[in-house]
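Structural overview
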Amino acid sequence: MDDADVAVVGLGAIGASALWRLAERGVSVVGIEQFSPGHDRGSSHGNSRLFRVACLEHPNLVTLARTSRDLWRELESLSGQPLLTTTGSITIGSPSSPEVRDALLAAGQHNLDVERLTDAEVATRYPHHADIASSHVGVVDPEAGILRPEAAIVAAVDAARHAGAHVITETRITGVAVTDGGVTIETPTGKINARQAVVTAGAWLGSLAPGLPLRSRRVMQSWFDPKSSADRSIDLSDFPVFIRALDDGTSYWGHGQTHGEGAKIGVDWDPDCRWTEPDELDRDVSPIDYKLVSSLVRDWLPDLDPNPTKVTPCMVTYTPDHQFFIGRLDNDSPIIVGGGGSGHAFKHAAGIGELIAQITQREKPLFDTSFVSPTRTLPDSL
Ligand SMILES: Cc1cc2nc3c(=O)[nH]c(=O)nc-3n(C[C@H](O)[C@H](O)[C@H](O)COP(=O)(O)OP(=O)(O)OC[C@H]3O[C@@H](n4cnc5c(N)ncnc54)[C@H](O)[C@@H]3O)c2cc1C
């Protein structure tokens, strides 16, 4: 006999949301997590994640971002706590940079209410970026903001429990096997049988769904205090979410202070970051880990002290095309995967959870998911 209709393996950003969306439908569902929901050992810790609607990574993601926003709001009212703070965002760069070009492309395809600013307008309205090059422009996404990742995951697991999900924590799944009637989930102490498995194991996804081309990278999150001589406030309301693309291809992002922790600044692709196995993540921080971000702060954000007050490692798991894997491993498989976030999945996690629930229940999905299908044709290497 099955223990549940659906077993969700891994209750991080995507798995917690999938568990919630399945339980909300009245599906008999069990969720299993190797640590505790909201932990700091995967890809979803660090107090904030950027939320944007003008998604430069793929125009179809606009629908996912909007669905997610509505679900984050629903989760806020269920949990009685703020999860998404809308600040608006500014993306700055040359009009031909992927960041600016693709944000405008997504906005155009979905009639988003974004605003394009000249360099002078950026300097006036966003004084932290007053040194903008005269050849650069700004794109304002008024729906952008920041999410609270740990709180959102805990809220989704709580909402799922409340809707009837069974949650097992501190239990590491060692295998997911297809059987005649569905799947068997192997734990160190026994087996869980279900009709279908949703595998949302983040940086560990490749080990539970072998064959998916995934690699994880150790990526740093850094916080910076204002200089004592700072001219401007670095509070979130004065220093909203930004992405800035430099002409040498470097792209950095960040937002002003929340939680009294200083401004959070990160680099999109730091060549000094290393590939890692998730169980071997090096949690010790050395100066090379924040060399590039410190130099960017020194050169471009003059109100911040370039010596970070806090630096913590996290993991980004990439697919070869830097797009997600969402869907069945093959058309008839009872295993549905969600992951390969490639550094941009948190904002979409609630919507991905809904999409996964639709896929397991064979409902019509939110949008054409072929561009995120695990069976799509991919480039050869990561
Ligand atoms: C520094 C940094 C900044 C980022 N910034 C942004 C941003 O601004 N905006 C944005 O949208 N995205 C951002 N991302 C990406 C985003 O955070 C990730 O894509 C997203 O959090 C991944 O969610 P996940 O559910 O795939 O992984 P996780 O949240 O890590 O969840 C996977 C879960 O599976 C569990 N698990 C794994 N294996 C097992 C097992 N065998 N048994 C039981 N449980 C298991 C893990 O413990 C974990 O809880 C950023 C990522 C990093 C690292």
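Residues numbered from 1 in each chain as written. Predicted model: local features only at pLDDT ≥ 70, side-chain atom pairs only at ≥ 80, totals over all residues. Heavy atoms only, no water.

So, on to the overall build of the protein chain. When helices and strands are tallied, the protein chain shows 8 helices and 20 strands. On C-alpha atoms alone, the protein chain measures out to a radius of gyration of 21 Å, which is about the 21 Å that the 2.2 N^0.38 rule sets for 382 residues. Projecting the C-alpha coordinates of the protein chain onto the three principal axes gives extents of approximately 65 × 45 × 45 Å. Burial statistics for the protein chain: of 382 residues in total, 57% are counted as buried. Looking at charge distribution, the protein chain has the averaged site of its 33 positive side-chain charges lying 1 Å from that of its 50 negative ones. (Helix = DSSP H or I, 4+ residues; strand = E, 2+ residues; numbered from the N terminus. Rg over C-alpha atoms; globule rule 2.2 N^0.38 Å. Buried < 20%, exposed > 50% of the residue type's maximum accessible area, 1.4 Å probe, protein only. Lys, Arg positive; Asp, Glu negative; His and termini not counted. Charge placed at Lys NZ, Arg CZ, Asp CG, Glu CD.)

The next point concerns empty space enclosed by the protein. Here the structure, examined in full by the defined rule, presents 2 cavities of 30 Å³ or more. Volume-wise, the largest cavity comes out at about 100 Å³. Along the walls of the largest cavity sit 14 residues, with V219, M220, V267, D270 and C273 positioned nearest its centre. Of all the elements in the fold, those that place two or more residues in the lining of the largest cavity are β13 (215-224) and β16 (263-267). Among the elements that make up the lining of the largest cavity, the one with the highest residue count is β13 (4 residues). In terms of residue class, the lining of the largest cavity is built from 8 nonpolar, 2 polar and 4 charged. (1 Å grid on protein atoms, 1.4 Å probe; cavity = no way out; pocket = protein on both sides within 12 Å on 5 of 7 lines; lining within 4 Å. Points joined across faces, edges and corners; volume = space filled by probe spheres on them. Nonpolar A, V, L, I, M, F, W, Y, C, P; charged D, E, K, R; others polar.)

Near the ligand there are 33 residues, and of these E33, H39, S44, R49 and L50 occur at the shortest range. Separating an oxygen atom of the ligand from a backbone N or O atom of S43 is a distance of 3.0 Å. Between G343 and the ligand, the recorded distance is 3.4 Å, taken from a backbone N or O atom to a nitrogen atom. Notes on the ligand: free accessible area 1,000 Å², of which the protein chains cover 96%. When residues in the shell around the ligand are grouped by element, the largest group, 3 residues, is from strand β18 (residues 310-318). Per-class residue counts for the shell around the ligand are 15 nonpolar, 14 polar and 4 charged. Mapping the shell around the ligand onto the domain boundaries places at least three of its residues in each of domain 1 (4-49 + 149-213 + 321-372) and domain 3 (215-318). (Near = heavy atom within 4 Å. Polar contact = N/O pair within 3.5 Å; in protein donor to acceptor, adjacent residues only side chain to side chain. Areas by Shrake-Rupley, 256 points an atom, 1.4 Å probe, with all protein chains shown as cover. Domains from an automatic or database assignment.)

The next subject is the pattern of salt bridges. Enumeration over the complete set of coordinates arrives at 21 salt bridges. Of the charged contacts, one joins R172 and D279 as a salt bridge, the two residues approaching to 2.8 Å between their closest N and O atoms. Of the two residues, R172 sits in the loop between β9 (166-168) and β10 (175-178) while D279 sits in the loop between β17 (275-276) and α7 (291-300), which places them 107 residues apart along the sequence. Taking the relative accessible area as the measure of exposure, R172 reaches 35% and is therefore partly exposed. For R218, the salt bridge goes to D289, with nearest N and O atoms at 2.9 Å. (Salt bridge = Lys/Arg side-chain N within 4 Å of Asp/Glu carboxyl O.)

This part covers α7. Those residues of α7 that sit buried are V293, S294, S295, L296 and V297. Turning to α7, the residues buried within the fold contact β13, β15 (251-255) and β16. (Contact = heavy atoms within 4.5 Å.)

On to the domain arrangement of the protein chain. Domain boundaries assigned for the protein chain yield domain 1 (4-49 + 149-213 + 321-372), domain 2 (89-141) and domain 3 (215-318). Taking only C-alpha atoms, the centre of domain 1 and the centre of domain 3 are 29 Å apart. In this assembly, 20 residues from domain 1 lie in contact with 18 residues from domain 3. When domain 1 packs against domain 3, close to 1,400 Å² is buried across both sides, 46% of that on carbon and sulfur atoms. Where domain 1 meets domain 3, there are 2 salt bridges. Across the pair D40 and R283 runs a salt bridge whose closest N-O atoms are separated by 3.4 Å. For the interface between domain 1 and domain 3, the tally reads 14 residue pairs in polar contact (both at pLDDT 80 or more). For the side of domain 1 that touches domain 3, the residue count by class is 3 nonpolar, 13 polar and 4 charged. (Buried area = accessible area lost by both parts, 1.4 Å probe.)

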